Amino acid sequence: MYAQFFGNYLLSRDAITKEQLVTAMQQKSSEQIKLGTLAIHAGYMTASEVEQVIIEQTHQDKRFGELAIQEGYLTEQQVTELLKSQSPDFLLLGQVLVDNGYLTHQQLQDLIIDYESEDDFYEDSLDYSNETQESIQRMMMKLFILVERPLSPYELSFFHLLFNNLVRFIGDDFMPVAPSHWREYPVNYCISQQIDGDFAMKIYIDMTPDVAVEFASRYVDDEFSEFDEYVQSSLEDFLNLHNGLFLVNMSNDFSLELELGPPVAETDELLVFDTESYLLPIVFPFGTIHFIFELIKTH
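Residues numbered from 1 in each chain as written. Predicted model: local features only at pLDDT ≥ 70, side-chain atom pairs only at ≥ 80, totals over all residues. Heavy atoms only, no water.

A.B. asks: Please clarify how the overall build of the protein chain should be interpreted in this entry.
C.D. replies: Scanning the protein chain for helices and strands turns up 12 helices and 10 strands. Look at the contacts in the protein chain between residues 6 or more apart in sequence, and 68% of them connect residues 24 or more apart. (Helix = DSSP H or I, 4+ residues; strand = E, 2+ residues; numbered from the N terminus. Contact = heavy atoms within 4.5 Å.)

Shown next as structure tokens:
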């Protein structure tokens, strides 16, 4: 899941455009990490050394590892170690951006150094093959910096689950956009569901009909051709599934018993919020899904 947050970081630095990021996120799932990218991240090679090996590959029919050893940039032991290593997800995104010509190896190297430094990523404290909840929660807190509001443990749990469920049921080729305060919101097609109890909130999911068709198709792993009641039911099911799992987590992790209302299709063309509300856009290659969180009561 780190690729989503790294992509958001690249946008905040104006390193790439939103269109370039969406394209790269879509390609990422079909790519494999390259040895040169791993070597840069491990600190075994510089970006310029990787570029030299790539150039040399146009003259010699040898693998990257063989040439890197031949040129004295890597040892056989380091190549074996890199090939066996579990690499962080955001490295693959960076590699695709380089392959597409959106970044150079040097730019990627500099951005990774800055990104890991800002997010306090250290190899002795983070196992990339088993992304820890603390690491993801820290990045979610940074995502909400623009609205100048720290997230409660309940909200962190909610967003952690939301990103996990998007990966599980829709795909990992998405990018969260920094959230913002909203008092009014013009509706496209919107479903809402309310959670009641000591921590009460209302969750809205809104998208255009054509985006809804693609979202539902991914969710049920079938092809919908038009916006109809089956698509609408799929959106309701996703929202109900996510919020139901959230209630289970609240009970198991915090001994907090909450109640869940049924999903409801919003009929008003303009939503007006009386309490604290946030809009979190999630961009997929097929379009943008808008999640709105209206906080009613905090414990």
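Following the structure, the description resumes.
A.B. asks: Sorry if this is basic, but what is going on with the packing of aromatic side chains here?
C.D. replies: Geometrically, a pair of aromatic rings is defined through the distance of the ring centres and the angle of the planes. Evaluated as defined, the whole model comprises 23 aromatic pairs. Taking 4.8 Å as the distance between ring centres and 55° as the angle between the ring planes, the aromatic pair formed by F6 and Y115 counts as tilted. With F6 in helix 1 (residues 2–12) and Y115 in helix 8 (residues 105–118), this pair connects stretches of sequence that are 109 residues apart. Y115 matches F6 in its accessibility class, with the two residues each being buried. Here Y189 and F227 contribute two aromatic rings whose centre-to-centre distance is 4.9 Å and whose plane-to-plane angle is 75°, an arrangement assigned as edge-to-face. Of the two residues, Y189 is situated in strand 4 (residues 189–196) and F227 in the loop between helix 11 (209–220) and helix 12 (229–254); the sequence distance between them amounts to 38 residues. (Phe/Tyr/Trp six-rings, centres within 6.5 Å; stacked < 30°, edge-to-face > 60°. Buried < 20%, exposed > 50% of the residue type's maximum accessible area, 1.4 Å probe, protein only.)

A.B. asks: Which parts of the structure should I look at to understand the side chain of E155?
C.D. replies: Here E155 shows up in helix 10 (residues 153–169). Polar side-chain contacts of E155 include one of 2.8 Å to the backbone nitrogen of S152. The residues touching E155, leaving out its near neighbours within four places in the chain, are R149, P150, F199 and L295. (Polar contact = N/O pair within 3.5 Å; in protein donor to acceptor, adjacent residues only side chain to side chain.)

A.B. asks: Just to check I follow, could you spell out empty space enclosed by the protein for this structure?
C.D. replies: Taking a probe equal in size to a water molecule and rolling it over the atoms shows the remaining empty space. Taken as a whole and judged by the stated rule, the model has 1 cavity of 30 Å³ or more. Volume-wise, the largest cavity comes out at about 60 Å³. The biggest single contributor to the lining of the largest cavity is helix 10, with 3 residues. Broken down by class, the residue content of the lining of the largest cavity amounts to 8 nonpolar, no polar and 2 charged. (1 Å grid on protein atoms, 1.4 Å probe; cavity = no way out; pocket = protein on both sides within 12 Å on 5 of 7 lines; lining within 4 Å. Points joined across faces, edges and corners; volume = space filled by probe spheres on them. Nonpolar A, V, L, I, M, F, W, Y, C, P; charged D, E, K, R; others polar.)

A.B. asks: What exactly am I supposed to notice about the packing of helix 10 against helix 12 here?
C.D. replies: Helix packing geometry: the angle between the two helix axes and the distance between the axes. Their axes nearest at 10 Å, the elements helix 10 and helix 12 cross at an angle of 135°. Of the possible angle classes, the one that applies to helix 10 and helix 12 is oblique. The hand of the helix 10/helix 12 crossing is right-handed. For the pair helix 10 and helix 12, contact is made by P153, Y154, S157, F158, L161, L162, N165, L166 and F169 and by F238, L241, H242, N243, L245, F246, N249, M250 and F254, respectively. Broken down by class, the residue content of the contact of helix 10 with helix 12 amounts to 13 nonpolar, 5 polar and no charged. (Axes fitted to C-alpha atoms, helices over the stretch in contact; angles between N-to-C directions. Parallel < 35°, antiparallel > 145°, perpendicular 65-115°, else oblique. Left-handed = near helix turned anticlockwise from the far one by under 90°.)

A.B. asks: Would you explain the nonpolar core in this entry?
C.D. replies: L166 and F215 are the most contacted members of the largest nonpolar core, which totals 86 residues. Ranked by the residues each element gives to this core, the list is headed by helix 10, at 8 residues. Apart from residues lying up to four places away in sequence, F215 is in contact with L166, I170, I205, M207, L235, F238, F286 and I289. Formed by 8 residues, the second largest nonpolar core is a distinct cluster that contains C190, L271, F273 and I292. (Core = buried A, V, L, I, M, F, W, Y, C linked by side-chain atoms within 4.5 Å.)

A.B. asks: Looking at this model, I keep getting lost on the pattern of salt bridges. Mind explaining?
C.D. replies: Pairing between side chains of opposite charge can happen when their charged atoms approach one another. Applying the stated criterion to the full structure yields 5 salt bridges. Where D99 meets K34, a salt bridge forms, and the shortest distance between an N and an O atom there is 3.2 Å. Of this pair, D99 sits in helix 7 (residues 89–99) while K34 sits in the loop between helix 2 (18–28) and helix 3 (35–42); the two residues are 65 residues apart in sequence, bridging distant segments of the chain. Accessibility expressed as a relative area gives 40% for D99, which makes it partly exposed. For K202, the salt bridge is made with E266, and the minimal N-O distance between the two is 3.8 Å. (Salt bridge = Lys/Arg side-chain N within 4 Å of Asp/Glu carboxyl O.)

A.B. asks: Any chance you could explain helix 10 here in plain terms?
C.D. replies: For the α-helix, the turn length of 3.6 residues means that residues three or four positions removed from each other point alike. Given a rise of 1.5 Å per residue, 17 residues ought to cover 24 Å, and the 24 Å separating the end C-alpha atoms of helix 10 matches this to within 8%. Most of helix 10 sits out of view: 12 of its 17 residues are buried. Positive backbone phi, at 145°, marks G171, one or two positions downstream of helix 10. (Expected span 1.5 Å × (residues − 1).)

A.B. asks: Which parts of the structure should I look at to understand the pairing of strand 10 (residues 287–297)?
C.D. replies: Note on strand geometry: in a regular strand, side chains alternate between the two faces of the sheet. Judged by how many residues are buried, strand 10 sits mostly within the fold: 8 of 11 residues are covered. Relative to strand 10, strand 5 (residues 200–207) runs antiparallel, the two being bridged by 7 bridges. Of the residues in strand 10, the one forming a bridge with M201 is L295. Between the antiparallel neighbours strand 9 (residues 277–284) and strand 10 lie 2 residues. (Pairing = 2+ DSSP bridges.)

A.B. asks: What's the story with the environment of Y189 in this structure? I'm lost.
C.D. replies: Judged by relative accessible area, Y189 falls into the buried class, the value being 11%. Between the alpha carbons of Y189 and A212 there is a distance of 8.1 Å; along the sequence they are 23 residues apart. Not counting chain neighbours up to four residues away, the residues in contact with Y189 comprise I205, D206, M207, F227, Q232, L235 and A265.

Everything listed is a geometric property; what it means functionally is a separate question.
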